[in-house]
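# Close look at the chain arrangement
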Amino acid sequence: MTQQDATPPARDAERTRRELLDVATEVFAQDGFAGARVDEIARRTRTTKRMIYYYFGSKDGLYSAVLERAYLGIREAEQRLDVGDLAPQEAMRRLAALTFDHHVAHEAFIRLVAIENIHRGEFVKRLDSVRTASAPARDLVAEILARGEAAGVFRGDVDALDVHMLISAFCVFQVANKHTFGHLFDVDLAAPDRLDRSRRVLGDVVVGWLAAR
């Protein structure tokens, strides 16, 4: 067998890597880094530990790849958002809504972030790509804030990072606490009407806070 024969076609390799990341995301989000077993990921993907290590090198490498993809997912969604022609208030609402919907649709992302914070950011600190990709997110908020201030509709004493943190905090709470909060207050936070309400509330809170005084 030649080296060319031993190397999987690029398309197959890409699909295999994607499938491994999909399952690994579920396993790490469910069991944490320490509790996750590569054997389980291999079983669920009908492959072998050797194949997983071929693609990712180690369990650490696999977890880092999962974490990187999770973070880059929201960053890529933000970059696809085109709000340049919208009024500043609507642009901020659109950004808040996009962030909200992404968090709701990617619960594993919330769990992975929580797990990574338990590990004091040990793995994410090694991922320069994640930090680099985060800068445009702040820049987008800053651009909308600047337009709003110039138009006289936003106050000028708010930092873009404060806005980003406020939006993220609301979205994380919505997903991370839906079971406990829902039980304590007898509300289904995942119900469509409740999601619509929460999305509107987030936009109102952010734009209301930014309103010029």
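Below is a short write-up of the structure. (Residues numbered from 1 in each chain as written. Predicted model: local features only at pLDDT ≥ 70, side-chain atom pairs only at ≥ 80, totals over all residues. Heavy atoms only, no water.)

### Considering the overall build of the chain
Worth spelling out the cut-off: Think of it this way: any DSSP run of H or I at least four residues long counts as a helix, any run of E at least two long counts as a strand, and we number them from the N terminus. Buried, partly exposed and exposed residues are distinguished by accessible area as a fraction of the type maximum, computed with a 1.4 Å probe on protein chains only: under 20%, between the cut-offs, and over 50%, respectively. Throughout, a contact is declared for two residues whenever any of their heavy atoms are within 4.5 Å. Within this scheme the basic residues Lys and Arg register as positive and the acidic residues Asp and Glu register as negative, but His and the chain ends are omitted. All charge positions are set by atom: Lys at NZ, Arg at CZ, Asp at CG, Glu at CD.
Scanning the chain from N- to C-terminus turns up 11 helices and 0 strands. For the chain, the N- to C-terminal ordering of α and β elements is α-α-α-α-α-α-α-α-α-α-α. Each principal axis of the C-alpha atoms in the chain carries an extent, and together these give about 70 × 45 × 30 Å. Expressed as a percentage of the 213 residues in the chain, the buried residues total 38%. Long-range pairs, those at least 24 residues apart, make up 71% of the contacts in the chain between residues at least 6 apart in sequence. Here the chain carries 30 positive and 32 negative side-chain charges, and the mean point of each set is 4 Å from the other.

### Regarding the side chain of Thr45
Position of Thr45 among the secondary structure elements: in the loop between α3 (38-44) and α4 (49-56). If sequence neighbours within four positions are ignored, Thr45 has contacts with Glu19, Leu20 and Val23.

### A word on the pattern of salt bridges
Rules: Salt bridges are defined by distance alone: a side-chain nitrogen of Lys or Arg within 4 Å of a carboxyl oxygen of Asp or Glu.
Scanning the model with the defined rule gives 15 salt bridges in all. Note that Asp12 is salt-bridged to Arg15, the shortest N-O span being 3.1 Å. Here Asp12 pairs with Arg15, and both are found in helix α2 (residues 10-35), just 3 residues apart, close to one helical turn. The shortest N-O distance in the salt bridge between Glu26 and Arg44 comes to 2.5 Å. Residue Glu26 is located in helix α2, and its partner Arg44 is located in helix α3; the two are separated by 18 residues in the primary sequence. The exposure class of Glu26 is partly exposed, given its relative accessible area of 46%. The exposure class of Arg44 is partly exposed, given its relative accessible area of 37%.

### Some remarks on the packing of aromatic side chains
One pair of aromatic rings is described through two measures. These are the centre distance and the angle between the planes. Basically, it comes down to this: Under the pairing criterion, centres of Phe, Tyr and Trp rings, with the six-membered ring standing for Trp, must be within 6.5 Å; the plane angle then separates stacked pairs below 30 degrees from edge-to-face pairs above 60, leaving the rest tilted. For a Lys NZ or an Arg CZ to count as sitting over a ring, it must be within 6 Å of the ring centre and within 35 degrees of the ring normal.
Going through the model one piece at a time under the given rule, you end up with 11 aromatic pairs. Seen from their ring centres, Phe28 and Phe33 are 6.2 Å apart, and the 10° between their planes marks the pair as stacked. Across the pair, exposure class does not vary: Phe28 and Phe33 are buried alike. The interplanar angle of 80° and the centroid separation of 4.8 Å between the aromatic rings of Tyr63 and Phe123 together place this pair among those described as edge-to-face. With Tyr63 in helix α5 (residues 59-80) and Phe123 in the loop between α7 (107-118) and α8 (128-150), this pair connects stretches of sequence that are 60 residues apart. When sorted by exposure, Tyr63 lands in the same class as Phe123, which is buried. An aromatic cluster is present here, built from Phe28, Phe33, Tyr63 and Phe123 joined pairwise through their rings. One residue, Lys59, lies across the ring of Phe33, its end atom 4.8 Å from the ring centre. Note that Arg126 overlies the ring of Phe123, its terminal NZ or CZ placed 4.6 Å from the centroid.

### Considering the packing of α5 against helix α6 (residues 88-105)
What counts here: To get an axis, fit a line to the C-alpha atoms, keeping to the stretch in contact for a helix; angles then go from 0 to 180 degrees between the N-to-C directions. Oblique is the label for any angle not covered by the other classes, which are roughly parallel (under 35 degrees), roughly antiparallel (over 145) and roughly perpendicular (65 to 115). A crossing counts as left-handed when the near helix is turned anticlockwise from the far one by less than a right angle, and as right-handed when that turn is clockwise. Only Asp, Glu, Lys and Arg are considered charged, only Ala, Val, Leu, Ile, Met, Phe, Trp, Tyr, Cys and Pro nonpolar, and every remaining residue, Gly among them, polar.
Contact geometry for α5 and α6: axes closest at 10 Å, N-to-C directions at 150°. Put simply, α5 runs roughly antiparallel to α6. When the axes of α5 and α6 are compared, the crossing they make is right-handed. Residues Gly73, Ile74, Ala77 and Glu78 of α5 touch α6, and the partners they reach there are Leu95, Leu98, Thr99 and His102. Of the residues contributing to the contact of α5 with α6, the split by class is 4 nonpolar, 3 polar and 1 charged.

### Digging into the side chain of Thr25
With respect to the helices and strands, the residue Thr25 is situated in helix α2. Look at Thr25 and you get buried, because its relative accessible area is 14%. If we ignore the near neighbours within four places in the chain, the residues touching Thr25 are Val66, Arg69, Ala108 and Leu112.

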